[in-house]
Amino acid sequence: MGNTFSLARLALAEFLDNLQTFQTLQARIQSSPGLPLPNPSRSFWSYPPSPIATHVSQLPAHADFVVIGSGITGTSVVRRLLDSASAEGHDVRVVMLEARDACSGATGRNGGHISPPLYHDYTSLKRDHGQVVAQKMIKLRLAHLEELRSVAEQEGVLAESQWREVESVDVFYNSEMFEKAKTKVQTYKADLPFEAEHHEVYEAKEAIEKYRLASDTLGCISSSAGAIHPYQFVTGILAKLLSRYPERFSLCTNTPCTSISPPTHSNPYYTLSTSRGIITTPHIIHATNGWAATLLEKLRGKIIPFRGNMSAQRPGQSLPIPDSNPATHRSFVFYTRPIGYDYLTQLPTGERELMLGGGFAQDGDEGYEAMGNTDDTTYSTRIGAHLSGVLPRYFGENNWGREGVPLEGGEGEWAEGRVKALWSGILGISADLIPWVGRLPRVISGRSEPPLSSVVKSEKGEGMHVGAAPGEWIAAGYSGEGMVHAWLSGKALADMVLGREVEGKLGEWFPDIMRVTEKRWKKAKAENLLDALDD
């Protein structure tokens, strides 16, 4: 009887603890993410800092477009706005506001993968949205590989951005998960044979030998993907834009936007308050991803901050080293349980660092610590421990070999053991796992829009104006897959803002399921996330 009573007490205590955790999580998801915190954990990508990392242009009193956020989305939007307006002879003023240093958010803290989830999501996208929409979504993701290469080449930053094509390898350790994945590949290949032509399935023996993996590997699925240095890509382009448009583009780092006021009878524009003063504009573009709900209260619980963890590690001495042969460049995704995975790519220069992130499954069964967490000044101790020790286990101790040692005359500013650096970054998880791109309806922004008359450009001719009707716009909520959604989302959003949807041919390539609508906003609920992730 006593033992039964003790067990009951333990069960009740566990239930109450879980209930309290759940209630805490719910409250955190529905609260403001706040502003990005100062002194974030040190990302390996962002050292040495870019020359424009702390660039501060003079804050003008007014701009045609104000973009909040300096990551890959904001950079894509600004580039498209300036280049398109310039090509059409419009003299527009664009201001980019950044709360911290340039590209100090998720873009400068991620894994550097351009590895779109393809067969992984195709079946559920087809079920939920139909085959045509599902295929358009897949093609948008695939298009990022060539789009990022093309942009880097056009801007003259191809070498510094380290863009490269890689073989992406999904590694499985659970037979049920592997069989489910193979079934998804069959469906994907049947419906999209051209896009799926590089997908190959390898059973245990061949997978272990081909990729030099641990003996408990059950199989792999390989495909073609890419990798990039995200920080140098973005900051390199921002530097080019500052040079190309010195009178029309202002980059204001360490200038957080603290509030937005709607137009009034005396002022027909939005008024943005910043740490350096105020600025007015008819168009606001929100490119802050995990922090979007700070200035957009109605998006709380719709775009949810999530703290991810990353590391840079020296490879074991027996691992193969990538060289000038593209076939030697690989990325890996390690699937050890239904929810959560680790992802890995290897740098092509320096110490050939292994960039490993993930560990979600180690952060409590449902990732309570990470969900709604915007503190990137530190990282999860549990996940840090997992990332620091797991690589020899994935590749096998013999394949890993002796630990790598620092290069002579190396940086000296990083740790000298296997793990050179650990850091975190804030993702933006969409409640329906689809990015949010487009004009924000008033019911979501919570603010009235400036009148159309506020954007008339009399110097360009009576009744002419640059762009669509004034308003607030957003591209965010990439759910950890920003490198295969963000750039083209930003490009599409800029075309929407400029009123160039027809010229930009958005109807041909942009998935309408990503648009922001009141109906979608009402339907998207955070409590449905786990069911969606389990697909």
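Keep in mind the model is a prediction, meaning the values are calculated, not measured.

With that settled, the discussion passes to the overall build of the protein chain. From N to C terminus, the protein chain includes 17 helices and 18 strands. Taken over the C-alpha trace, the protein chain has a radius of gyration of 24 Å; the compact-globule value for 535 residues is 24 Å, and the two agree within 12%. Sorting the 535 residues of the protein chain into buried and exposed places 56% on the buried side. Counting contacts in the protein chain only where the partners sit at least 6 residues apart, residues at least 24 apart contribute 79% of the total. When the accessible surface of the protein chain is summed, it comes to about 22700 Å², and 52% of that surface belongs to carbon and sulfur atoms. Counting 53 positive and 62 negative side-chain charges, the protein chain places the averaged centre of each group 3 Å from the other.

One open sheet accounts for six strands, arranged 7-2-1-11-18-17; its pairing is mixed. Looking at which strands have only one partner, the edges of the open sheet turn out to be strand 7 (249-252) and strand 17 (436-439). Within the sheet, the average angular offset between the axes of one strand and its neighbour, ignoring direction, is 15°. Both strand 1 (residues 65-68) and strand 2 (residues 94-97) contribute to a ladder of four bridges, which runs parallel. Residue Phe-65 lies in a different strand from strand 2, and its bridge partner there is Val-94.

By the definition in use, this model includes 33 salt bridges. Between Asp-191 and Lys-126 there is a salt bridge, with its nearest N and O atoms 2.7 Å apart. Of this pair, Asp-191 sits in helix 6 (residues 175-191) while Lys-126 sits in helix 3 (residues 119-129), and the two are 65 residues apart along the sequence. Three or more residues are tied together by salt bridges with common partners; here these are Arg-79, Asp-83, Glu-155 and Arg-244.

One pass over the full model with this rule turns up 16 aromatic pairs. Residues Tyr-47 and Trp-414 carry aromatic rings whose centres are separated by 6.0 Å and whose planes lie at 85° to one another, so their mutual orientation is edge-to-face. Highlighted residues: Tyr-47 in the loop between helix 1 (2-29) and strand 1 and Trp-414 in the loop between helix 12 (397-400) and strand 16 (419-430), separated in sequence by 367 residues. Among the aromatic side chains, those forming a connected cluster through ring pairs are Tyr-173, Tyr-202, Tyr-211, Phe-332, Phe-334, Tyr-394 and Phe-395. The positively charged end of Arg-42 is found above the aromatic ring belonging to Tyr-47, 4.0 Å away from the centroid. Lying across the ring of Trp-436, Arg-520 places its NZ or CZ 3.7 Å from the centre.

Moving on to helix 4 (residues 131-154). For helix 4, built from 24 residues, the straight-helix expectation of 34 Å at 1.5 Å per residue is met to within 8% by its first-to-last C-alpha distance of 34 Å. At His-144, helix 4 shows its largest kink, close to 35°. Within two residues after helix 4, Gly-156 carries a phi angle of roughly 75°, on the positive side.

Further remarks concern the nonpolar core. In this structure, Val-67, Leu-81, Val-94, Phe-233, Phe-249, Ile-285 and Leu-493 are the most contacted members of the largest nonpolar core, which totals 83 residues. Apart from the residues lying within four places of it in its own chain, the contact partners of Phe-249 are Ser-57, Val-78, Leu-82, Val-94, Met-96, Leu-238, Leu-241 and Leu-242. Tyr-173, Leu-356, Tyr-394 and Phe-395 belong to the second largest nonpolar core, which has 21 residues in total.

Outside of glycine, negative phi angles account for most residues, and trans bonds account for most peptide bonds. Residue Pro-48 is reached from Tyr-47 by a cis peptide bond, and omega for that bond is 0°. Inspection of the secondary structure assignment puts Pro-48 in the loop between helix 1 and strand 1. The backbone of Ser-479 shows a phi angle near 55°, a positive value even though the residue is not glycine. Mapped onto the elements, Ser-479 comes out in the loop between strand 18 (471-476) and helix 14 (486-497). By relative accessible area, Ser-479 is classed as buried at 18%. Notably, Lys-505 is not glycine yet its phi reads approximately 55°, a positive angle. In this fold, Lys-505 is placed in the loop between helix 14 and helix 15 (506-509).

Take the sheet that holds strand 9 (residues 270-274) next. Pairing is antiparallel across the open sheet formed by three strands, whose spatial order is 8-9-10. Two strands lie at the open edges of the sheet, namely strand 8 (257-261) and strand 10 (277-281), each paired on one side alone. This sheet shows a mean twist of 25° between the axes of neighbouring strands, independent of strand direction. Where strand 8 and strand 9 come together, four bridges link them in antiparallel fashion. Across the sheet, Ser-261 pairs through a bridge with Thr-271, a residue of strand 9.

The predicted model of the protein chain has a mean per-residue pLDDT of 91, with 91% of residues at 70 or higher. Low confidence marks residues 1-12, where pLDDT is under 50. Its contacts with residues over four positions away, or in another chain, come to zero contacts. For the stretch residues 458-464, pLDDT sits under 50, and the model shows seven contacts to residues farther than four places along the chain or on other chains.

Turning to the environment of Ala-476, a few remarks are in order. Within the secondary structure layout, Ala-476 lies in strand 18. For the pair Ala-476 and Tyr-119, spaced 357 residues apart in sequence, the C-alpha separation works out to 23 Å.

So, on to the side chain of Asn-309. As for its position among the elements, Asn-309 is in strand 12 (residues 303-313). For Asn-309, a relative accessible area of 4% gives the class buried. Only 3.0 Å separates the side chain of Asn-309 from the backbone nitrogen of Ser-380, close enough to count as a polar contact. The residues touching Asn-309, leaving out its near neighbours within four places in the chain, are Tyr-343, Gly-357, Gly-358, Tyr-379, Ser-380, Ile-383, Leu-387, Trp-423 and Ser-424.

This part is about the environment of Ile-429. Mapped onto the elements, Ile-429 comes out in strand 16. C-alpha of Ile-429 to C-alpha of Ile-304: the two residues are 125 residues apart in sequence and 4.9 Å apart in space. Every residue in contact with Ile-429, bar those within four places of it in the chain, is listed here: Lys-302, Ile-303, Ile-304, Phe-306, Ser-479, Gly-480 and Leu-529.

This paragraph deals with the environment of Tyr-188. Along the chain, Tyr-188 turns up in helix 6. Here the alpha-carbon distance between Tyr-188 and His-120, two residues 68 residues apart in the chain, equals 8.9 Å.

Conventions we followed
- Residues numbered from 1 in each chain as written.
- Predicted model: local features only at pLDDT ≥ 70, side-chain atom pairs only at ≥ 80, totals over all residues.
- Heavy atoms only, no water.
- Helix = DSSP H or I, 4+ residues; strand = E, 2+ residues; numbered from the N terminus.
- Rg over C-alpha atoms; globule rule 2.2 N^0.38 Å.
- Buried < 20%, exposed > 50% of the residue type's maximum accessible area, 1.4 Å probe, protein only.
- Contact = heavy atoms within 4.5 Å.
- Areas by Shrake-Rupley, 256 points an atom, 1.4 Å probe, with all protein chains shown as cover.
- Lys, Arg positive; Asp, Glu negative; His and termini not counted.
- Charge placed at Lys NZ, Arg CZ, Asp CG, Glu CD.
- Pairing = 2+ DSSP bridges.
- Axes fitted to C-alpha atoms, helices over the stretch in contact; angles between N-to-C directions.
- Salt bridge = Lys/Arg side-chain N within 4 Å of Asp/Glu carboxyl O.
- Phe/Tyr/Trp six-rings, centres within 6.5 Å; stacked < 30°, edge-to-face > 60°.
- Lys NZ or Arg CZ within 6 Å of the ring centre and 35° of its normal.
- Expected span 1.5 Å × (residues − 1).
- Bend = angle between axes of the 7 residues up to and from the residue.
- Core = buried A, V, L, I, M, F, W, Y, C linked by side-chain atoms within 4.5 Å.
- pLDDT = per-residue confidence, 0-100.
- Polar contact = N/O pair within 3.5 Å; in protein donor to acceptor, adjacent residues only side chain to side chain.

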